[in-house]
Structures are given as C-alpha cells and as structure tokens.
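# Notes for the structure review
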Amino acid sequence: MPELSEQIGRYLDELRRAGASVHTLRNYAIDLHEFRERFRDVPLEALDLLALRGWLAGLHARRLSAPTLRRKLAAVRSLFKFMLRERVIATNPAKLLRTPKAPRCLPAVMTEEQTNILVDGVAQNDLQRPFPARDVAIFEMLYGCGLRVAELAGLNLEDFDFAERWVRVRGKGRKERQVPVTGKAAQALERYLPKRLAERNETAVFTNFRGRRLSTRGISLIVKFYGAMLAGDSSLHPHSLRHAYATHLLSEGADLRSIQELLGHAQLSTTQKYTQVSLTDLMAVYDRAHPRR
C-alpha cells in the first residue's frame, strides 16, 4: 500500500493543479508534513478513528488555538477525502472527527478617528521609509477596500478599472468579486504606480525592493511597523484594517448583505460579528448618556 508521505505529495500536487492559493498550499503542506511525522511508522490501514482521535487529543494538549486546530483538521480531512476518492483507502475515518468550536470573540476595532490618524500618519512620511508611496497605497487599499492580506498581495495591474474605480479581487477558494476603490485609494495608487519598482514582466501591483511580488508576510510587517511607530500598537495587522472597514460601514448605515458582498464572506453569519461590535459601541454610548443608566 502507498505510504502516507507519497499520498500527501500527490494531494498537494492536486491542490496546485486546482489553483489553490500560495497561502493555502503553504499552510496545508506544513500541517500535513507534521501529520506525517506523527504517523511516520504507521501503515495507512492503521489510521483509523482511534488513531486520529489520539492525534487530535495531542493537538489539544499543546493548547493550540481553535482556528489553528480547525485548519489542521481541515487539512487532514481533505487528505483523507482525496485518498478515498483515489481508492487508496476503503473508508474515511477523518469525517467522524468533531470540529473544535471557534471562540465567539469580538474583533478589536479602531475608531474612525484612530484609523484616519494612522493612515494620514503613513502619508506624512516622517519615518523616512524607502517606499513611502507604496506603503500609503497599501494602507488605503486595506482600509478603503476591506481586503484580506492575501487578496492585496495577489492584486495584478490588470485587475484595476481606474476609470470606473473598481478592482477585481480573488478571495478564498479562488472566488472573484468586484470591490469599489475609494477616491483616496485611487489617488494613492496613481502616486505609487509611476514609482513602482518591478522586474521585467512582473504583474504584481505591490512589489518589494527586488521588484518582485510583495508577500503577505511583507505586507504584515509593514503594517506592524507603522502600527508600532505611529499608534504605539505592535499588534496591528492587516486584518485590523479590514475589521475597521466593515465596522465603520455598518456604523454609517450600510446593510449586512452589502457588507457581506464587499468582504467576500460566504456566510452572512461571518459578517454578523460586526453587528456585535456596533452594539457594544452603542451600549457604551447608552451607559454614558442615558439619565437612568
């Protein structure tokens, strides 16, 4: 019977052929190779429900976060589904594993004033960064369009319609959507693109000092740097600006369905967490202002 290592390699090759994102491929490769190490000397036919429950219990013992557990479980489930489809295994015990519940925590969200001060601070270029125009465009796109960091990193020049101020975004599962570009984001891009450093035939909008596509990690480090220097918050990350985008739209009267489409959420329930944030803010105003509080 083929070894687990061989099946993992075949499965990752299929993901590449299917056009999975670089982010997904990297995480699945890490998780599945870790899974392989756990069962290095175990034949495939011995990977039954009891063995998989033992593996999952080991992950719990490491006190991994619920999102990390869910991602690792998703990778293993997908691998077993692939092996079943390829008739390498006769049954799929992984589908019987219980998915850890994700914690219902509210995202920490900057106020409109805090966000504007941060983005305006990036534009002032007081920190003498090597690519200030690029960095401003990154912040304006993250906050102005509510993009995920992988979506921003994946943008190509041909994705923009500058006349109509739309951008084509490739989200999770390679699903495409169109997102309006704010006036300030469009202006930031117009200032940045003539200065864009790029290798020949490089189509990426955002590039690094080598002229190649800027990675998700590179974007995250840029956001973290400005967060620490301008807001005194080294925990700031690109998703912080996405949270702010959604919450501020909701506060200004945008409906949930529209925000769902703009964010590229498959489920409305994912978008609804932003209503909890707004209700939290509303209760704070009530507690400060109501005479019978």
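Note: the structure precedes this text.
Notes on the structure follow. Everything numeric here is computed off the predicted structure, so don't read it as measured data.

## Some remarks on the overall build of the chain
Each helix and strand in the chain was counted, giving 13 helices and 3 strands. Projected onto its principal axes, the C-alpha coordinates of the chain cover approximately 65 × 60 × 35 Å. With 293 residues in all, the chain has 40% of them scored as buried. Put simply, 58% of the contacts in the chain that link residues at least 6 apart link residues at least 24 apart. Roughly 17,000 Å² of accessible area belongs to the chain as shown, and the carbon and sulfur atoms make up 51% of that amount. For the chain, the distance from the average position of its 47 positive side-chain charges to the average position of its 32 negative side-chain charges is 5 Å.

## Overview of the nonpolar core
Grouped together as the largest cluster of nonpolar side chains are 44 residues, with contacts concentrated most on Phe-139, Met-141, Leu-152, Leu-155 and Phe-206. Among the elements of the structure, α5 (112-124), α6 (132-145), α7 (149-153), β2 (166-170), α8 (183-192), α9 (216-231), α10 (238-251) and α11 (256-263) are those that each provide at least two residues to this core. At 9 residues, the largest contribution of residues to this core is made by α6. Not counting residues up to four positions away in its chain, the partners in contact with Met-141 are Gly-146, Leu-147, Leu-152, Leu-155, Phe-160, Val-167, Val-181, Ala-185, Leu-189 and Phe-206. Membership of the second largest hydrophobic core comes to 31 residues, among which are Leu-32, Ala-51, Trp-55 and Ala-75.

## Structural notes on the pattern of salt bridges
A complete count under the given rule lists 17 salt bridges for this structure. A salt bridge links Asp-31 to Arg-71; the nearest nitrogen and oxygen atoms lie 2.8 Å apart. In this pair, Asp-31 sits in helix α2 (residues 22-38) while Arg-71 sits in helix α4 (residues 66-85), placing the two residues 40 residues apart along the sequence. With relative accessibility at 3%, the residue Asp-31 sits in the buried group. Between Glu-199 and Arg-212 there is a salt bridge, with the nearest N and O atoms lying 3.3 Å from each other. Note that Glu-199 is positioned in the loop between α8 and α9 and Arg-212 in the loop between α8 and α9, a separation of 13 residues in sequence. Members of the salt-bridge network, linked through shared partners, are Asp-31, Glu-34, Arg-62, Arg-71 and Lys-72.

Each value, and the rule that gives it
Residues numbered from 1 in each chain as written. Predicted model: local features only at pLDDT ≥ 70, side-chain atom pairs only at ≥ 80, totals over all residues. Heavy atoms only, no water. Helix = DSSP H or I, 4+ residues; strand = E, 2+ residues; numbered from the N terminus. Buried < 20%, exposed > 50% of the residue type's maximum accessible area, 1.4 Å probe, protein only. Contact = heavy atoms within 4.5 Å. Areas by Shrake-Rupley, 256 points an atom, 1.4 Å probe, with all protein chains shown as cover. Lys, Arg positive; Asp, Glu negative; His and termini not counted. Charge placed at Lys NZ, Arg CZ, Asp CG, Glu CD. Core = buried A, V, L, I, M, F, W, Y, C linked by side-chain atoms within 4.5 Å. Salt bridge = Lys/Arg side-chain N within 4 Å of Asp/Glu carboxyl O.

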